Structure formats: C-alpha cells, structure tokens
Amino acid sequence: MSDSHNISDSSHIGEMNVLLVDDEKHFREILVKRLSQRGIIALQASDGEEALRLLEEKPVDVIVMDVKMPRMNGIETLRHVKDQYPATEVIMLTGHASTRDGVDGIKAGAFDYLTKPIEFEQLLRKIRQAQNKIRRAETEKKEIEFRERIKQQMAINERLVALGTIATGVAHEINNPLAIIQDSAGWVKQILAKPEMSTIPRRPDFEKALDRIQTSVDRARRITQQLLHVVKTQSAEIPDLVEMTEVNLRKLAGECIALVELEASYKEIKVSLESSDPNPIVWTDPYQFAQVLLNLLTNSIQATDAGGKINVVIKSSEEQVSLAVQDNGYGIPEENLTKIFEPFFSTKAVGVGTGMGLYISSGIVTKLGGVMAVDSQPDKGTTFTIELPVKA
Amino acid sequence: MFKTPSRILLVDDEKDFVEMLTLRLQEIGEEVLQAYSGLESLEKLKETEIDVVILDVKMPGMDGIETLQEIKKRYPLVEVIMLTGHGTIETAVQGMKQGAYDFLIKPADFDELTTKLNKARERRHDQMERIRKAEANSLLRRSNI
Ligand SMILES: Nc1ncnc2c1ncn2[C@@H]1O[C@H](COP(=O)(O)OP(=O)(O)OP(=O)(O)O)[C@@H](O)[C@H]1O
Ligand SMILES: [Mg+2]
C-alpha cells in the first residue's frame, strides 16, 4: 500500500485513485514512488486476483496493469474489471514487440496501452487522459439526469394543466344538472313539509330517498367547488385575490395546528411545532398558506395510526423559510409519489378523500413563489417540505 | 315571517333549472317571473316592476355580465344576485364591481339563496324609502321658498 500521503502538488490532480497491477515488485515500487512525487496515490497488486480483491474493498478510477502475469493474465483481469466496474479506465502495459496484446486489450475495453519499457511522462499523460475521460463521462451523466428530470417535471406539469382544464370543464357541465337535481329534490321536500302532507303513506321512505339525494348532491358539489377553486388558484390573472402580507409563520402554523388538534387527539396523535427562529417572517398570503398547511396536517393525521407523531419544523435563513410537516405514518409507496399531486388521486375511501388536497396545495405554493417537495418511506413516514422566499 | 310583496325575475338559459327553482320559490310564497336569455330579461323588466333579479353568469348570446350592466344602467335600483355555474370566482368579482348585490355558486344552497334574496330585497326597499323621503324633502324645500 502506498505510504506517501505528504504530497504537495496533489491539488491539480484532484481526488484520484490509481491501482497498479504488476507481478514485478521492484517495478511496482519505483512507479508508485514516482507517481506519488507527482501527486498521484497508487495502490498496488501483484496479480489479477489480488487486484479484483482490492477493487471489492475500494473501487478506483484508473488501473495500470501488466498484460503478462502468472495465473490470471492481464487481458482476463481486464475483462472482469470492465464487467464489474464499467466506469473504471484501464491502461495496459505490454511487453516489447507484442502489439497483439495491446490490440486485444483495446478490444476488451482498455483505455489504451503502453509498451514496456515505459516512459514515465507518457504514462502520466495517459493516466491524466483517462481521468479526464472519466470526468467527462460523469458530467455527461449528470447532464443527462438533469435533462431527464426537467423533462419529467415538464411532462407532469403539462399533464396537470391538461387535467385542470378538463376538470374545470367537467365541473361546469356537472353543475347545471346538479342544481336541477338539488332543486327538484328540495321542492319535493318542501311539499312534504306542508301540513296537509303530514299523513301520507310511506313518508319515511320518501324522506330517506330525498336525504340520500341531498347528501350525494352535496358531495358532488364539494368536488366541483374544489375544482373551481383550482381554477382560481391556478389562473395567474387574478392577483387581487392573493393577499400578500407579512406573516409570522410560526404563529400561523400554531393556529393551523390548533384547528386540527381535536381531530388529532381523537387518534391520540401528538402534533408539535419547532422553529429555529421565534419569529420567522415571510411575505405571503396567510389564508392560502393556511389552507396548504391544513391540507398537509389533515393528510398526516389520516395517514398515521393511533399514538403517532406529527412534527411541524420551521427553518429560516436570510432568503428563504422552509416548513416541513413530518409524520411517522404509513408513508407513500414509490409508485404513487408522482401521482399524489394529480387531481382526484386518492387512496382513501370514497367520501373521505377527493384527491384534490395536494393538487390544490401545490398549485397554491407555486403561485406564492415557493416549492413543495415530498419525501416518504413506506411504513416509516412522510415529510412534505415547503420552501418560501422571504420576500416576493 | 313578514314578507313585503315583491317580484323576482329568474334568468337562465337552462329551462329545467328555471322551472325547478321557480317551483321552489313559489312554494315559499314568492312571485317569480322567468326569462331564458339576457335580452328576454330586459323585456320582462320593461313590462313588469321587479325587485330582485337572479341572473346566471353564463348564457349564450348576451352573457350575464353584459346583462347585468344593461340592467344596472336602466334600472339602478333593481338588485341583482349572480349565479356562477362555471366557477371562475373572477366573473363573480367582476359582477360585484358592476353593481351586483351578491353572488352564489351553482348549485346554490336554497337557504343561502333565500337569505341573500331577503337581504337584497331589504336593501332595495331601504333605498326606495330613502329616495321617497329625499323627494318629499325637496318638495318641502321647494314649497318653502
Ligand atoms: N402524509 C401522508 N402520508 C401518507 N400518504 C399520504 C400523505 N399525504 C398524502 N398521501 C397520499 O396522497 C393521496 C393524495 O392526497 P390528497 O391530499 O391530494 O388527497 P386526499 O387526502 O386523498 O383527499 P382530499 O383532497 O379530500 O384531502 C392520499 O390519498 C394519500 O394516499
Ligand atoms: Mg388530503
């Protein structure tokens, strides 16, 4: 193992791990020493098997490896390495006048090959080239991931907008017939209430049916009204309905908690509030923000068993304030994480959840200039985090 | 409950809706007239004295807001309650700015509707009362000269 940790010029090389594999001990030791003088820390292995063992403990970026080795030769080791650690780059060292080995190495995925006796500066250049290739691949991968995430986000947004448009249309089309149903049933009820009707046969049956019509209409009405609310919160042309003002988030959170405390106490759920800053001030619409908070708290209560805990944590910095609602409830299965913000997505019984809570809430948060994120582990719990700018 | 006799005009292009709401309002002793478009409502207002108009925001042809503007221009003392079926509260807010007395989201709760109806009616009577007094006063003043 390398003992050369006192390197002065390691900074321009950056963190890089090199593994040197050669059965000639003397050759290895000289090379490791020279590399360390140039700021490169190299591990050593005397053959392919030892190399693979070392890699299991600690993967490296670049391997410099002799082709001719006893037992497992260099090309065979190379195949194993490329198979298990595809990102690792390998520079092969071939014997004099055996270009054949070098070509085989390249075919098996080596970065390049050098002919022994090697020229040290050339090896150094090759190592650096291999390192650059790794760096490029890493940045490319990150860029691809980033683009993929943006694309997904955009697809989700587009779907939300489309759903919103459809939803509003539906709400509109449903409301008129709903009003007619409601007034027809209401009319019959009014008639039944007349004194001359008090003795009609099967009166309770009529009343029961009318009652069912009324509760069902109420349910449908709640759904359409929430849909209409979505339009309100999503359409950007009505800023006068958003009333931005200075809000003490801790106070507001306390008020919201007080509103759900009774419901929580039925299930013996403890709701607590933590804030690093006693007066975390944000510029926002207190009513709309309270609506979001109530939605999140209600969700947490519904997702948590008796004796559970819900924690509201506020953290503030110069530019932004974050508020997290954490629970130790059922959690959200991974496959649902992207769906929960869609309108009408609900895992709750009919009549308990309409699936509009998070759709509306995320719309409000976006409109208030913030972002909402979710982190959840099934059976462990869920955390919803909202980040708001301190000043709009 | 004491109720001053008054007339309500119900304006909506949905015939079934107008019919059912009319029946309910008649059941509690209201006198109700119907119009199925903005233009028709203006005709009815010309022919008959109306206290409160219940007006749907969304109608083909002349829409609720236009109708409201026309009603308020011609009969500033007639109270108008807007019904927003398609829910952009926006339109309702716009209606309030144009002088509507209040608005309800369809399907509206009947009790809520009658409450607003009574309040609208009260305001109309108050205003008529005040105008009558003002007229009486100015008559008085003129005769004093
Ligand atoms: N804290 C949470 N823990 C576990 N699951 C959650 C949590 N919050 C939301 N969910 C899941 O996300 C779904 C959607 O939540 P959302 O608030 O949008 O609708 P809902 O609660 O079902 O109905 P409503 O809109 O009436 O509140 C829920 O049905 C539930 O499955
Ligand atoms: Mg919810």
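Up top you'll find the structure we're talking about.
Report on the accompanying structure.

Residues and elements named next belong to chain A. You can see E246 is positioned in strand β6 (residues 245-248). Here E246 falls in the exposed class, since its relative accessible area comes to 54%. For the pair E246 and V390, spaced 144 residues apart in the sequence, the C-alpha separation amounts to 9.3 Å. What E246 contacts, discounting residues up to four positions off in sequence, is I281, V282 and W283.

This part takes up empty space enclosed by the protein. According to the stated counting rule, one finds one cavity of 30 Å³ or more in the structure shown. Forming the walls of the largest cavity are D183 of chain A together with F17, L21, L83, K106, A108, F110 and L113 of chain B. Of all elements in the fold, only α1 (15-27) and α5 (110-144) of chain B reach the threshold of two or more residues within the lining of the largest cavity.

A few words on the packing of aromatic side chains. In the structure shown here, the tally under the stated rule is one aromatic pair over all chains. Between F341 of chain A and F384 of chain A, the ring centres sit 6.4 Å apart and the planes meet at 80 degrees, which makes this aromatic pair edge-to-face. With F341 of chain A in the loop between β10 (320-327) and α9 (357-367) and F384 of chain A in strand β12 (residues 381-389), this pair connects stretches of sequence that are 43 residues apart. Summarising the burial analysis for this pair, F341 of chain A and F384 of chain A share the class buried. Here K15 of chain B stacks its cationic end above the ring of Y36 of chain B, 4.8 Å away from the centre of that ring. The lysine or arginine in question, K106 of chain B, covers the ring of F17 of chain B, its NZ or CZ lying 4.4 Å from the ring centre.

Our focus in this paragraph is the sheet that holds strand β5 (residues 112-115) of chain A. Residues and elements named next belong to chain A. If you walk across this open sheet you meet the five strands as β2-β1-β3-β4-β5, and the pairing is parallel. This sheet does not close on itself; its edge strands, each paired only once, are β2 (41-45) and β5. Neighbour-to-neighbour, the strand axes of the sheet open up by a mean angle of 20 degrees, direction not taken into account. In this sheet, strand β3 (residues 62-66) lies alongside strand β1 (residues 17-21) in parallel orientation, the contact comprising four bridges. Paired with V21 across the strands is M65, a residue of β3. Sheet contacts for helix α1 (residues 25-37): β1, β2 and β4 (89-94); angle to β2, the most-contacted strand, approximately 165 degrees. In the packing of helix α3 (residues 74-84) onto the sheet, the strands contacted are β3 and β4, and the crossing angle to β4 comes to about 180 degrees.

Residues and elements named next belong to chain A. Direction vectors running N to C along helix α8 (residues 286-303) and α9 enclose 145 degrees, while the axes themselves pass 9 Å from each other. Between α8 and α9 lies a crossing whose hand is left-handed. On α9, the residues touching Q288, Q291, V292, N295, L296 and N299 of α8 are G357, L358, I360, S361, I364 and V365.

Bringing the nonpolar core into the picture now. As a rule of thumb, soluble globular proteins bury nonpolar side chains together. Residue and element names in this part refer to chain A. Membership of the largest hydrophobic core comes to 42 residues, with the highest contact counts inside it found for L249, F289, L293, L297, L323, V325 and I386. Counting residues per element, the ones that place at least two in this core are α5 (120-192), α7 (249-266), α8, β9 (309-316), β10, α9 and β12. When residues of this core are assigned to domains, at least three map to each of domain 2 (153-236) and domain 3 (245-389). In this structure L297 touches C256, I257, V260, V271, I310, V312 and V325, once residues within four positions along its chain are discounted.

With that settled, consider the site of ligand 1. Residue and element names in this part refer to chain A. Close to ligand 1 lie 19 residues, the nearest being S346, T347, K348, G357 and L358. In the model, an oxygen atom of ligand 1 is placed 2.6 Å from a nitrogen or oxygen of the G357 main chain. One of the backbone N or O atoms of L358 is found 2.8 Å from an oxygen atom in ligand 1. A total of 600 Å² of accessible area belongs to ligand 1 in isolation, and the protein chains cover 92% of it. Of all the secondary-structure elements, those providing two or more residues to the shell around ligand 1 are α8, α9 and β12. Top contributing element to the shell around ligand 1 by residue count: α8, with three residues. Broken down by class, the residue content of the shell around ligand 1 amounts to seven nonpolar, ten polar and two charged.

Turning to helix α2 (residues 38-47) of chain B, a few remarks are in order. Residues and elements named next belong to chain B. Looking only at α2, the buried set comprises G38, S41, L42 and L45. Buried residues of α2, seen end-on, are gathered within an arc of 100 degrees and therefore sit on one face of the element. Away from its buried face by more than 90 degrees, α2 exposes L39, K46 and E47. Here the buried face of α2 lies against β1 (7-11), β2 (31-35), β3 (52-56) and α3 (64-74).

The next subject is unusual backbone geometry. A cis amide bond links K116 of chain A to the next residue, P117 of chain A, at an omega of 0 degrees. Counting through the fold element by element, P117 of chain A comes out in the loop between β5 and α5. The omega torsion across K106 of chain B and P107 of chain B is -5 degrees, close enough to zero to call that bond cis. Inspection of the secondary structure assignment puts P107 of chain B in the loop between β5 (102-105) and α5. The phi angle at R71 of chain A is positive, at roughly 55 degrees, despite the residue not being glycine. Along the chain, the position of R71 of chain A falls in the loop between β3 and α3.

Criteria and cut-off values
- Residues numbered from 1 in each chain as written.
- Chains lettered and ligands numbered in written order.
- Predicted model: local features only at pLDDT ≥ 70, side-chain atom pairs only at ≥ 80, totals over all residues.
- Heavy atoms only, no water.
- Helix = DSSP H or I, 4+ residues; strand = E, 2+ residues; numbered from the N terminus.
- Buried < 20%, exposed > 50% of the residue type's maximum accessible area, 1.4 Å probe, protein only.
- Contact = heavy atoms within 4.5 Å.
- 1 Å grid on protein atoms, 1.4 Å probe; cavity = no way out; pocket = protein on both sides within 12 Å on 5 of 7 lines; lining within 4 Å.
- Points joined across faces, edges and corners; volume = space filled by probe spheres on them.
- Phe/Tyr/Trp six-rings, centres within 6.5 Å; stacked < 30°, edge-to-face > 60°.
- Lys NZ or Arg CZ within 6 Å of the ring centre and 35° of its normal.
- Pairing = 2+ DSSP bridges.
- Axes fitted to C-alpha atoms, helices over the stretch in contact; angles between N-to-C directions.
- Left-handed = near helix turned anticlockwise from the far one by under 90°.
- Core = buried A, V, L, I, M, F, W, Y, C linked by side-chain atoms within 4.5 Å.
- Domains from an automatic or database assignment.
- Near = heavy atom within 4 Å.
- Polar contact = N/O pair within 3.5 Å; in protein donor to acceptor, adjacent residues only side chain to side chain.
- Areas by Shrake-Rupley, 256 points an atom, 1.4 Å probe, with all protein chains shown as cover.
- Nonpolar A, V, L, I, M, F, W, Y, C, P; charged D, E, K, R; others polar.
- Arc of directions from axis to C-beta.

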